[in-house]
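# Descriptive analysis of the structure
Residues per chain, in single letters:
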Amino acid sequence: MTLPKGFGTGGGASSSDVSKMIGKRVEDMIGLITGAFVALWAGTWGGVAVAVVYYPWAYPPPSAHFALTVLTIIEAIGYLFCVKVVTEGTSKAKTYNGLIAGVIAAIAIATLVTDCFFFG
């Protein structure tokens, strides 16, 4: 394998050289993935809230309840898969199970509470 100038020592590429060429390791981006999931849910909640408040004839509360619940489930499954794929094969994989469970549980509770009190 031909390496760019400054990489490799003589005979070939080491794993550290390859990782330097590729970029940052993705298992260190769990905070970014978690923040994106929470922001995605907040955006979904905001969109449903705007629809219910400003367009109640087109988007009644039962539809809002259903939409927020289903979209939250889909987003949570996506978050779970993202974190599991990112941590696959690393020694850190077991340490994120608590984080995943806590974040998904918090979002589920927030969804249920706002479904009951805000969307009817």
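As the structure is a computational prediction, the values presented were derived from the model and not from experiment.

### Focus on helix H4 (residues 97-117)
Across its 21 residues, H4 extends 30 Å between first and last C-alpha, which sits within 8% of the 30 Å expected from 1.5 Å per residue. Those residues of H4 that sit buried are Ile100, Val103, Ile107, Thr111, Thr114 and Asp115. In a view along the axis of H4, the buried residues occupy a sector of 105°, so they form one face of it. In H4, the exposed positions angled more than 90 degrees off the buried face are occupied by Gly98, Ile109, Leu112, Cys116 and Phe117. Where the residues of H4 are buried, they touch helix H2 (30-54) and helix H3 (61-86).

### A look at the environment of Pro61
Position of Pro61 among the secondary structure elements: in helix H3. Assessed through its relative accessible area of 35%, Pro61 is described here as partly exposed. In this structure the C-alpha to C-alpha distance between Pro61 and Asp115, which are 54 residues apart in sequence, comes to 8.8 Å.

### Focus on the packing of aromatic side chains
Evaluation of the coordinates by the stated rule reveals two aromatic pairs. Consider the rings of Phe37 and Tyr79, whose centres lie 4.6 Å apart with planes at 10°: the pair is stacked. With Phe37 in helix H2 and Tyr79 in helix H3, this residue pair connects regions lying 42 residues apart in the sequence. Given the relative accessible area of 3%, Tyr79 is considered buried.

### Thoughts on the nonpolar core
Ranked by internal contacts, the top residues of the largest apolar core, which has 13 residues, are Ile30, Ile33, Phe37, Tyr79 and Val83. Of all the elements in the fold, those that place two or more residues in this core are H2, H3 and H4. A total of five residues in this core trace back to one element, the largest contributor, which is H3.

### Some details on the UniProt feature "transmembrane region" (unreviewed entry) in the protein chain
In this numbering, the UniProt entry assigns the feature "transmembrane region" (unreviewed entry) to residues 30-57, 63-83 and 95-114. Helix makes up 89% of residues 30-57 and strand makes up 0%, while its end C-alpha atoms are separated by 40 Å. In the segment residues 95-114, helix accounts for 90% and strand for 0%; the C-alpha atoms at its two ends are 30 Å apart.

### Structural notes on the packing of H2 against H4
Geometry of a packed helix pair, given as the angle between the helix axes and the separation of the axes. In contact at an axis separation of 12 Å, H2 and H4 are set at 10° when each is read in the N-to-C sense. Considering their axes alone, H2 and H4 lie roughly parallel with respect to each other. Taking contact as the criterion, the partners of Ile30, Thr34, Phe37, Val38, Trp41 and Trp45 in H2 are, on H4, Leu99, Val103, Ile107, Ala110, Thr111 and Thr114.

### Regarding H2
Helical geometry note: an α-helix holds 3.6 residues per turn, so side chains three or four residues apart project in the same direction. Across its 25 residues, H2 extends 36 Å between first and last C-alpha, which sits within 8% of the 36 Å expected from 1.5 Å per residue. Within the sequence span of H2, burial applies to Ile30, Ile33, Thr34, Phe37, Trp41, Thr44, Val48, Ala49, Ala51 and Val52. Against the buried residues of H2 lie H3 and H4.

Calculation rules
- Residues numbered from 1 in each chain as written.
- Predicted model: local features only at pLDDT ≥ 70, side-chain atom pairs only at ≥ 80, totals over all residues.
- Heavy atoms only, no water.
- Helix = DSSP H or I, 4+ residues; strand = E, 2+ residues; numbered from the N terminus.
- Expected span 1.5 Å × (residues − 1).
- Buried < 20%, exposed > 50% of the residue type's maximum accessible area, 1.4 Å probe, protein only.
- Arc of directions from axis to C-beta.
- Contact = heavy atoms within 4.5 Å.
- Phe/Tyr/Trp six-rings, centres within 6.5 Å; stacked < 30°, edge-to-face > 60°.
- Core = buried A, V, L, I, M, F, W, Y, C linked by side-chain atoms within 4.5 Å.
- UniProt positions renumbered as here; feature names shortened; annotations may be inferred.
- Axes fitted to C-alpha atoms, helices over the stretch in contact; angles between N-to-C directions.
- Parallel < 35°, antiparallel > 145°, perpendicular 65-115°, else oblique.

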